[in-house]
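Survey of secondary and tertiary structure
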Amino acid sequence: MSVAAASPVLVRSDRVLLILSGMFALCAGLAHFGGWNSVLAFVVAAAAVAVLAALVGRSVDQLGDRFGAGATGVIQSALGNLPELFICLFSLRAGLIDVVRAALVGSILANLLLVLGLAFMVGGLRHGTQQLGSNRARTITVLMLLSVTAMSIPSVAYWIHTPAAKHEDALSIVVSVLLLGLFALFLPVSLRREPNELQVAGSHEQPRWPVWLALGMLAAAGVLAAFVSEWFVAALKPAMDALKVSEAFAGLVVVAIAGNAVENFVGIQLAARGQSRYAFSVVLNSPLQISLVLAPLLVLIAQATGLAALTLVFSPMLVVALLLAVVLAAFISFDGESTWLEGATLVVLYGIIAASFWWG
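None of these values were measured; they are calculated from a predicted model.

Reading the values: the criteria
- Residues numbered from 1 in each chain as written.
- Predicted model: local features only at pLDDT ≥ 70, side-chain atom pairs only at ≥ 80, totals over all residues.
- Heavy atoms only, no water.
- Helix = DSSP H or I, 4+ residues; strand = E, 2+ residues; numbered from the N terminus.
- Buried < 20%, exposed > 50% of the residue type's maximum accessible area, 1.4 Å probe, protein only.
- pLDDT = per-residue confidence, 0-100.
- Contact = heavy atoms within 4.5 Å.
- Salt bridge = Lys/Arg side-chain N within 4 Å of Asp/Glu carboxyl O.
- Phe/Tyr/Trp six-rings, centres within 6.5 Å; stacked < 30°, edge-to-face > 60°.

Our focus in this paragraph is unusual backbone geometry. Unlike most non-glycine residues, His-161 shows phi in positive territory, near 60°. Mapped onto the elements of the fold, His-161 is located in the loop between α7 (135-159) and α8 (168-191). A residue is classified by how much of its surface remains accessible, and His-161, at 67% relative accessible area, is exposed. At Lys-244, a position not held by glycine, the phi torsion is positive, near 55°. Looking at where Lys-244 falls in the secondary structure, it is placed in the loop between α10 (211-243) and α11 (247-259). Overall, the relative accessible area of 70% leaves Lys-244 in the exposed class.

Written out as C-alpha cells, the structure is:
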C-alpha cells in the first residue's frame, strides 16, 4: 500500500491552513466591500496574501518528488511568486510604479538578506556551522549575480546620461527579452537531478495528497490570490497615507515580505531541520526567478498593455543595495559554509537598508 493511501489525506495542519485561507480571504473581501478602516483593511488583506502563499507552498510540497526535485523547486518558486505578480499588476494599474520597482528589488533583498539570514541563524544555532556547497546552489548564485548586473545596466545608462538614456523603454524591453531567454536556457539545467538528490528527497515527508488534490488546491489558491491581491492594492494607498509610509518603503518591505511568504517559511523551516543545502537553494531560487522572469515579464506586460511606463531604471540606492546583497550572498556561497553570526549580520543589514527607505 502506498504512503499516500495509508496516510490521511488532510492532517490537522492542512485543515487549519485551509480554514485560515478561507477566513482571511473572506475578511479581506468584507473589508474591501464593507468600507472598513483603511489600515485594518490593508492588514487583513496582507495577512490573506501571506496565508494564501503558504497554501500554495503546501500544495507544491504535496506534489512531492513526482516531477523530480528540480522541477518541484522551480514550480514552488514560480507559484510562490504568483501573489506578488498579481500585486504588481494591480499596482501598475493603480499607477503605483514606485511601489512596483521597490517591491521587485525588495523581494530580492528580503530573500538574500532577511530570509537567508534567518535561515543561517536558526540552522546555525540548532546545528552549528552549516555546509552550503552544491553545484546547483553555486550555479544559481552565479546566475543571480549576472542577472542582477544585467538588470542594473539600464539604470547605469540613465544615471551617466549615455545616448541610451533617451531610450530607456526600448533598452528595458531588450534587456527583459534577453533575461527571459537566459531563464529558458537555465531551465533544463535546473531540472536536472544531482547525484545526491535521491538521498535528500528521501529525508522529506512523503506526500499525502493525490496529484489531483494538490493541483486543485493550487488552482483555487491562485484564483483567490488574484482577488485578494486586488483588494490588497486597493487598501495600500489609503493605508500608506494614514500611516505616512513612503511608496518606496511600502514596496521594499511590506509588499515584498507579504508576497514572498512561501520562501520565508520554507527556507527557514528547512534550515531548522538541518537541510542547509536544500534551504539555500530554495531561498535563492525565488530571487533568481524575480530577476530572470518576474521583473522582465512585468516590463513587457506594462509596455504591451499600456498599464504604466514601467522600465528597469531604478533609483541609485535601490541598485546599490541590490548589488551589495547579491555580492554578499555569492561570497557566502562560495565560502561553502555559514554560521549563525553571518546570518545575524545579514538580518541587521536588511534592517538598516529598510530603515534607510522609511522616508522615501
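Moving on, there is more to tell.
Right, let's talk about the confidence of the model for the protein for a bit. Model confidence for the protein is summarised by a mean pLDDT of 81, while 86% of its residues fall at 70 or above. Mean pLDDT in the protein bottoms out at helix α1 (residues 3-6), which sits at 43, and peaks at helix α15 (residues 340-356), which reaches 90. The low-confidence segment residues 1-6, where pLDDT is below 50, has 4 contacts with residues more than four positions distant or belonging to other chains. Of the regions scoring below 50 in pLDDT, residues 198-203 engages in 4 contacts with residues more than four places distant in sequence or in other chains.

Under the criterion given, the structure shown has 4 salt bridges. Among the ionic pairs, Glu-230 bridges to Arg-93, the shortest N-O distance being 2.8 Å. Taken together, the residues Glu-230 in helix α10 and Arg-93 in helix α5 (residues 82-93) connect sequence positions 137 residues apart. Its relative accessible area of 53% is what places Arg-93 among the exposed residues. We note a salt bridge from Lys-237 to Glu-247, for which the minimum N-O separation is 3.8 Å. Highlighted residues: Lys-237 in helix α10 and Glu-247 in helix α11, separated in sequence by 10 residues. When salt bridges with common partners are traced through the structure, they connect Lys-237, Asp-241 and Glu-247 into a single cluster.

Looking now at the packing of aromatic side chains. What the rule picks out here adds up to 5 aromatic pairs. Ring geometry for Phe-33 against Trp-231: centres 5.9 Å apart, planes inclined by 80°, an arrangement best described as edge-to-face. Of this pair, Phe-33 sits in helix α2 (residues 12-33) while Trp-231 sits in helix α10; the two residues are 198 residues apart in sequence, bridging distant segments of the chain. Residue class for Phe-33 comes out exposed when judged on its relative accessible area of 64%. Arranged with centres 4.8 Å apart and planes meeting at 75°, the rings of Phe-249 and Trp-358 form a pair that is edge-to-face. Note that Phe-249 is positioned in helix α11 and Trp-358 in the segment after α15, a separation of 109 residues in sequence. On the accessibility criterion, Phe-249 (13% relative accessible area) is buried. Here the aromatic cluster, defined as three or more aromatic residues joined through ring pairs, consists of Phe-33, Phe-227 and Trp-231.

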